[in-house]
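Here are the chains, one letter per residue:
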Amino acid sequence: MSSSVLEVPSKTFTRAEVAKHNTEDSVWFVIDTVVYDVSEFLDAHPGGEAVLRQVAGTDATAAFYNLHRHEVLQKYSDLAIGTIEGEKQSIITPQAGDLSTVPYAEPLWLTPQFKSPYFKDSHRKLQKAMRIFTDKYITPEALEKERSGEIVSQELIDRMSKAGVLHMRMGPGKHLHGVNLLDGAVDGKEFDYFHDMICSQEAVRAACRGFQDGNMAGMVIGLTCVLNYGHKNPALKAKVEEECFSGKKKICLAITEAFAGSDVAGLRTTAKKTPDGKHYIVNGTKKWITNGVFSDYFVTGVNTGKGLSVLLIPRGEGVETKPIKTSYSPAAGTAYITFDNVKVPVENLLGEENKGIYVILSNFNHERWTMACATIRYMRLVTEECLKWAHQRIVFKKRLIDQPVIRQKLAKMIALCESHQSWLETITYQMCNMSYSQQAKHMGGPIALLKMSCTRAAHEIADEAVQIWGGRGLTQTGMGRVIENFNRTYKFDSILGGAEEVLGDLGVRQAMKFMPKAVL
Ligand code: HEM
């Protein structure tokens with residue numbers, strides 16, 4: 001663990017010296033033994049000048065932590081002028097890659113006193129490397145883009161490509177063989193679903209749900225169809241694979257329409273073959289397409305007369321995308337797409353004509369499981385934030401944690417995190433030990449039920465978290481931003497990739513397939 005304290009100038013002062021700086025021209029105070037000179041910051045302080053003047057010359061530690069996140073002090077470190085003589089900072093400043101020391105903030109397998117049968121050295125190495133990568137590169141950009149609504153930068157995409165992060169997001173497979181994954185944290189041939197789970201769960205810690213989808217989620221669900229069903233046209237498959245993994249081009253999955261959400265059989269976008277049989281002419285619309293705004297390729301569900309087919313459509317004449325305003329950030333690049341007489345070579349058909357349902361279904365389990373990984377980890381992050389806040393927030397002359405009603409809420413949140421993570425790990429273990437066809441037969445139901453259950457749990461956790469945080473849980477900046485983001489966005493996971501109700505029903509119907517014929 002590399003946690004440390006804030007880096008501040010080495011000069012020391014006595015508390016008596018600090019006390020003198022409570023004048024019109026000079027305002028100093030102490031936070032965790034560090035001396036701050038805010039005389040030039042009074043005008044710029046978002047909380048106003050008066051509150052800073054009220055604590056001038058005193059120890060403002062309790063007042064500060066009642067209102068700010070510790071990271072504020074990292075950001076404004078140039079206000080620190082030294083420390084109090086003979087005293088030491090006690091508040092930990094986390095470093096990139098650190099595990100949290102807050103109870104229940106990490107899954108059990110990452111908590112030193114607990115053991116797990118599932119995780120090997122390569123999982124632990126990957127977790128560490130992925131956390132450093134997320135803390136250093138993903139989180140700072142996520143925070144900026146989530147706010148501005150701009151899409152992910154080419155710089156970050158290039159970095160993810162070079163580090164093999166883009167490749168790993170697609171899950172285990174041949175596309176990882178021979179690729180250098182985070183400086184050798186794991187060999188591509190050994191990469192299993194637990195490594196995959198780690199990548200999802202670490203990246204979500206940036207706590208920016210719109211950016212999280214904007215950060216190549218379209219590729220995770222779209223490129224898979226090309227990898228699994230592009231074999232009829234190996235040259236095109238190789239080209240698209242290379243372009244997407246190198247970050248040069250972006251791809252998304254375009255299935256959903258205004259007419260048909262989870263009901264993929266009801267699609268109205270049509271693809272009709274030209275008389276010479278060389279092209280399809282595509283007409284129709286798509287709605288809520290993640291990354292559609294900036295994608296170069298659209299893996300598109302079309303009606304080919306006798307059924308559903310899937311076409312790889314490059315951006316070009318007749319393809320138009322425009323952003324849709326949703327409750328999460330425009331950073332997700334959510335699009336409304338129109339296809340207007342778009343000419344697509346027949347070689348761009350993925351899988352068989354009229355049998356596109358298999359192409360789409362081929363990735364459903366992985367997509368839903370990935371969403372469960374992320375939701376469960378985001379739930380834990382929210383719980384961690386609540387534990388920290390309850391520990392430091394003082395109201396009615398007591399810390400929140402001293403109120404039994406708050407402890408009840410936290411107990412429920414912790415139990416939901418632990419139970420869903422355990423269930424996820426059990427399912428992941430089965431996936432690691434099954435062939436693709438066994439997974440298709442046995443895991444569709446359990447994964448559907450897991451995703452349904454964790455988005456219900458997310459609903460409970462969002463609700464309790466906002467109650468614990470009050471107005472801050474509804475405020476996009478400052479201390480409660482993680483809670484606000486989660487509360488505003490957890491619903492995406494209960495709709496995307498199959499609505500809760502559809503998945504619950506699927507889980508039970510799948511189970512009934514194995515029901516013994518005998519009356520029990
Ligand atoms: C070096 C010292 C300080 C810095 C750099 C600082 C910075 C900030 C920043 C960036 C915010 C915006 C909200 C956020 O991002 O969390 C804020 C809000 C605020 N600050 Fe400070 N602050 C400092 C010290 C203090 C102290 C000592 C007090 C009170 C005695 C105080 C009272 C407030 C208040 C009342 C708000 C508004 C909080 C809210 O809207 O919930 N600040 N401060």
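Residues numbered from 1 in each chain as written. Predicted model: local features only at pLDDT ≥ 70, side-chain atom pairs only at ≥ 80, totals over all residues. Heavy atoms only, no water.

In the annotation of an unreviewed UniProt entry, the protein is listed under the name Podospora anserina S mat+ genomic DNA chromosome 2, supercontig 2 and assigned to Podospora anserina. Under the heading Sequence similarities (unreviewed entry), UniProt records this for the protein: "Belongs to the acyl-CoA dehydrogenase family." In its Cofactor (unreviewed entry) section, UniProt records this for the protein: "FAD". (UniProt positions renumbered as here; feature names shortened; annotations may be inferred.)

S.K.: Whenever I open this one, the overall build of the protein confuses me. Can you help?
M.R.: Helix and strand counts for the protein stand at 17 helices and 14 strands. Relative to its length of 520 residues, the protein is compact, with a C-alpha radius of gyration of 26 Å against a globular reference of 24 Å. Within the span of the protein, comprising 520 residues, buried residues form 53% of the whole. Partitioning the intrachain contacts of the protein with sequence separation of at least 6 by distance along the chain shows that 74% fall at a separation of at least 24. When the accessible surface of the protein is totalled, it reaches about 24000 Å², and 55% of it is carbon and sulfur. (Helix = DSSP H or I, 4+ residues; strand = E, 2+ residues; numbered from the N terminus. Rg over C-alpha atoms; globule rule 2.2 N^0.38 Å. Buried < 20%, exposed > 50% of the residue type's maximum accessible area, 1.4 Å probe, protein only. Contact = heavy atoms within 4.5 Å. Areas by Shrake-Rupley, 256 points an atom, 1.4 Å probe, with all protein chains shown as cover.)

S.K.: Just checking my understanding: could you explain unusual backbone geometry for this structure?
M.R.: The phi angle of most residues is negative, glycine excepted, and most peptide bonds adopt the trans form. The backbone phi angle of Leu182 is positive, close to 45 degrees, even though this residue is not glycine. Its location among the elements puts Leu182 in the loop between helix H7 (165–168) and helix H8 (193–203). A positive phi angle, close to 65 degrees, is found at Asn354, a residue other than glycine. Here Asn354 shows up in the loop between strand E12 (349–350) and helix H12 (356–392).

S.K.: Please explain the coordination of the iron atom of the ligand as it appears in this structure.
M.R.: Tetrahedral coordination by four donors sets the ideal angle at the metal to 109.5 degrees; octahedral coordination by six donors sets it to 90 or 180 degrees. Looking at the iron atom of the ligand, the protein donor atoms are His45 (NE2) and His68 (NE2), and they sit 2.0 Å from it. Relative to the metal, the six donor atoms surrounding the iron atom of the ligand lie at angles of 85 to 178 degrees, and the coordination shape comes out octahedral. Separated by 23 residues along the polypeptide, His45 in the loop between strand E3 (34–37) and helix H2 (49–54) and His68 in the loop between helix H3 (61–65) and helix H4 (71–75) bring together distant segments of the chain. Of the two residues, His45 and His68, neither departs from the other in class, the shared state being buried. (Donors = N, O, S within 2.8 Å, 3.2 Å for Na, K, Ca; no water. Tetrahedral: all angles 85-135°; square planar, octahedral: opposite > 155°, others 65-115°.)

S.K.: Mind showing me how you'd approach the pairing of strand E6 (residues 270–273) here?
M.R.: Pairing of E6 with strand E7 (residues 279–289), which is carried by four bridges, proceeds in the antiparallel orientation. Across the sheet, Lys273 pairs through a bridge with Tyr280, a residue of E7. Hairpin connection from E6 to E7: five residues lie between these consecutive antiparallel strands, with Gly277 at a positive phi of about 70 degrees. (Pairing = 2+ DSSP bridges.)

S.K.: Would you mind showing me how to read empty space enclosed by the protein here?
M.R.: Summary: where empty space remains is shown by rolling a probe the size of a single water molecule over the atoms. As enumerated under the stated definition, the model contains four cavities of 30 Å³ or more in all. Of the volumes computed, that of the largest cavity is approximately 70 Å³. Counting only elements with at least two residues in the lining of the largest cavity, the list comes to helix H9 (209–214), H12 and helix H16 (481–495). The element contributing the most residues to the lining of the largest cavity is H16, with four residues. Looking at the lining of the largest cavity residue by residue, the class counts come to five nonpolar, three polar and two charged. There are two domains that each give the lining of the largest cavity at least three residues, and those are domain 2 (108–214) and domain 4 (363–512). Roughly 50 Å³ of volume is contained in the second largest cavity. Val226, Tyr229, Gly230, Lys232, Asn233, Leu236, Lys237, Leu312, Glu347, Asn348, Leu349 and Leu350 together form the lining of the second largest cavity. Those elements that place two or more of their residues in the lining of the second largest cavity are helix H10 (217–229), helix H11 (234–245) and E12. (1 Å grid on protein atoms, 1.4 Å probe; cavity = no way out; pocket = protein on both sides within 12 Å on 5 of 7 lines; lining within 4 Å. Points joined across faces, edges and corners; volume = space filled by probe spheres on them. Nonpolar A, V, L, I, M, F, W, Y, C, P; charged D, E, K, R; others polar. Domains from an automatic or database assignment.)

S.K.: What exactly am I supposed to notice about a nonpolar patch on the surface here?
M.R.: Among the surface-exposed residues, Val508, Met512 and Met515 lie close enough to one another that they form a single nonpolar patch of about 280 Å² accessible area. With respect to the element layout, Val508 can be found in helix H17 (residues 500–512). (Patch = residues over 30% accessible without salt bridge, like charges linked within 9 Å, V, L, I, M, F, W, Y side chains within 5 Å. Salt bridge = Lys/Arg side-chain N within 4 Å of Asp/Glu carboxyl O.)

S.K.: It is not clear to me how the site of the ligand should be interpreted in this structure. Could you clarify?
M.R.: Around the ligand there are 19 residues in total, and His45, Gly47, Leu52, His68 and Arg472 lie nearest to it. Between a nitrogen atom of the ligand and a side-chain N or O atom of His45, the distance comes to 2.7 Å. At 2.7 Å, a side-chain N or O of His68 approaches a nitrogen atom of the ligand. Looking at side-chain class alone, the shell around the ligand contains 14 nonpolar, four polar and one charged residues. (Near = heavy atom within 4 Å. Polar contact = N/O pair within 3.5 Å; in protein donor to acceptor, adjacent residues only side chain to side chain.)

S.K.: What should I look at first to understand the packing of H12 against helix H13 (residues 404–432) in this one?
M.R.: Axis angle and axis distance: for two packed helices, these are the angle between their axes and the distance between the axes, and together they describe the pair. Two elements in contact, H12 and H13, have axes whose closest approach is 10 Å; the angle formed by their N-to-C orientations is 155 degrees. Overall, the two elements H12 and H13 adopt an arrangement that is roughly antiparallel. At the point where H12 passes H13, the crossing takes the left-handed sense. Split into classes, the residues belonging to the contact of H12 with H13 amount to 17 nonpolar, four polar and two charged. (Axes fitted to C-alpha atoms, helices over the stretch in contact; angles between N-to-C directions. Parallel < 35°, antiparallel > 145°, perpendicular 65-115°, else oblique. Left-handed = near helix turned anticlockwise from the far one by under 90°.)

S.K.: I keep staring at the sheet that holds strand E4 (residues 80–84) and nothing clicks. Help me out?
M.R.: In a beta sheet, neighbouring strands pair by backbone hydrogen bonds and run either parallel or antiparallel. Pairing is mixed in the open sheet, where four strands are placed in the order E1-E4-E3-E2. Of all strands in the sheet, those with a lone pairing partner are strand E1 (12–13) and strand E2 (28–31), marking the two edges. By the bridge criterion, three bridges tie E3 to E4 in an arrangement that is antiparallel. Bridge assignment links Tyr36 to a residue of E4, and that residue is Ala80.

S.K.: Can you help me understand the pattern of salt bridges in this one?
M.R.: When their charged atoms lie close together, side chains carrying opposite charge are able to pair. Under the counting rule described, the total for this entry stands at 31 salt bridges. Close ionic contact of Glu353 with Lys273 constitutes a salt bridge, the shortest N to O distance being 3.4 Å. Here Lys273 lies in strand E6 and Glu353 lies in the loop between E12 and H12, a separation of 80 residues in the sequence. For Lys273, a relative accessible area of 45% translates into the label partly exposed. Taking the shortest distance from any N to any O, the salt bridge between Glu484 and Arg488 comes out at 2.7 Å. In this pair, Glu484 and Arg488 are both assigned in helix H16, four residues apart and thus about one turn of the helix distant. Given the relative accessible area of 8%, Glu484 is considered buried. Here the salt bridges share partners, and the residues they tie into one network are Arg69, Glu71, Glu384, Glu385, Lys388 and Arg481.

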